[in-house]
Amino acid sequence: MNLFIQLLRSLFISMLAMLAVILIVLFPRQVNVTVTETQLLTDYSFSFQQYAHQIQAFFSELFLNGSLGVNRYQFPVIEDVLLVMGNSMIVIATALVASFVLGVLKGIIDYKLDQTRFRVFGSFGTWLMQSFPDFLLILLLQWMFIRYFPNIRIFSAEPWYAFMIPSFFVMIYPMLYIARITQVSISNQEGMLYLLVAKSKGLPRWLLFYKHVFTNCMGTILTHLPSLMLYILSNLLIVEYFLNYPGAANRLFIAIDYSVNFGTGGNYEATTIIGIAFCFCLLVLFVQWISIIARRRYEVK
């Protein structure tokens, strides 16, 4: 029953977050522009009537017609969202699995190296890598590919390996995040009473580590799985935009149509933003449910 309540609570929070996104996205953004001989004048006035009309029109189209309308290219929004989400899902799934597995392995290695004179390559090296701005590291790696691997087409979605480079860029910082969590979790197990009892029974050191320490740390690591997904989604926008990858994050940036002069541009696509945000929200909710269910298996033993 407790598990069901946790799952239901995460669903309720996700629904509230999605509702907040819808209300923010549908907020009236029309700006009146007047051009004179000497200057460009802009005027904005908020209307509750217009705001209510946009909300009513959105939900009417969604529930009565089962549609989100068409985008700026006169293409159905739902089909557009599914297309770009399909391109991004392979990047997200690859980065999620790789960053979790490699992050856990890196955390174990960091813990081992911290007990030797090579600790500079352990947790200190992980911390040093995390201190670099993510966009700077991505730009440096992109420059390295262009400079030293000119045969690799990093700005094209046509090659079969097109998803691998974005996945690699996206997974770097989430991997370091999980490595740090793993190393700290293992270090916190040192000196625990159950370890002293198990050691007194003559268990080998490797068996003691993997059967007790690592298993008990998995519960703590899995609690950070939703944060890992948020980390990946936040990096996805930078990577897809810099690599011109036709994914959902890049499409979201285009749909916002930000203008330095007027804020929101004339090609602002509210329903496209809502559709992509809904898909991202489902991903986060799904990972949260996996984390909640998996944590129950890894209790202190």
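Everything that follows concerns the structure shown earlier in this document.
Attention in this report is confined to the structure presented alongside it. (Residues numbered from 1 in each chain as written. Predicted model: local features only at pLDDT ≥ 70, side-chain atom pairs only at ≥ 80, totals over all residues. Heavy atoms only, no water.)

The next subject is unusual backbone geometry. Here Gln74, not a glycine, exhibits a phi torsion of approximately 60 degrees, which is positive. On the secondary structure map, Gln74 appears in the loop between helix H2 (48–65) and helix H3 (77–113). On the basis of relative accessibility, which here comes to 62%, the residue Gln74 falls in the exposed class. With phi around 55 degrees, Asn244 is a residue other than glycine that occupies positive phi space. (Helix = DSSP H or I, 4+ residues; strand = E, 2+ residues; numbered from the N terminus. Buried < 20%, exposed > 50% of the residue type's maximum accessible area, 1.4 Å probe, protein only.)

Moving on to the packing of H3 against helix H10 (residues 248–256). Following both chains from N to C, one finds H3 and H10 inclined at 135 degrees, their axes separated by 7 Å at the closest point. In terms of orientation, H3 lies oblique with respect to H10. Taking contact as the criterion, the partners of Asp80, Val84, Met85 and Ser88 in H3 are, on H10, Ala248, Ala249 and Arg251. Of the residues belonging to the contact of H3 with H10, the class tally is 4 nonpolar, 1 polar and 2 charged. (Axes fitted to C-alpha atoms, helices over the stretch in contact; angles between N-to-C directions. Parallel < 35°, antiparallel > 145°, perpendicular 65-115°, else oblique. Contact = heavy atoms within 4.5 Å. Nonpolar A, V, L, I, M, F, W, Y, C, P; charged D, E, K, R; others polar.)

A word on empty space enclosed by the protein. Applying the stated criterion to the full structure yields 1 cavity of 30 Å³ or more. Its volume calculated, the largest cavity comes out at about 70 Å³. Taken together, 13 residues form the lining of the largest cavity, with Ile154, Ser156, Ala162, Pro166 and Tyr245 sitting closest to its centre. (1 Å grid on protein atoms, 1.4 Å probe; cavity = no way out; pocket = protein on both sides within 12 Å on 5 of 7 lines; lining within 4 Å. Points joined across faces, edges and corners; volume = space filled by probe spheres on them.)

This brings us to helix H9 (residues 225–243). A rise of 1.5 Å per residue sets the reference length of H9, with its 19 residues, at 27 Å; its end C-alpha atoms lie 26 Å apart and thus fit the reference within 8%. Residue Leu236 marks the point of greatest curvature in H9, where the axis turns by about 30 degrees. All of the buried residues along H9 are Leu225, Pro226, Leu228, Met229, Ile232, Leu233, Asn235, Leu236, Val239, Glu240 and Leu243. At the exit of H9 stands Asn244, carrying a positive phi of roughly 55 degrees. (Expected span 1.5 Å × (residues − 1). Bend = angle between axes of the 7 residues up to and from the residue.)

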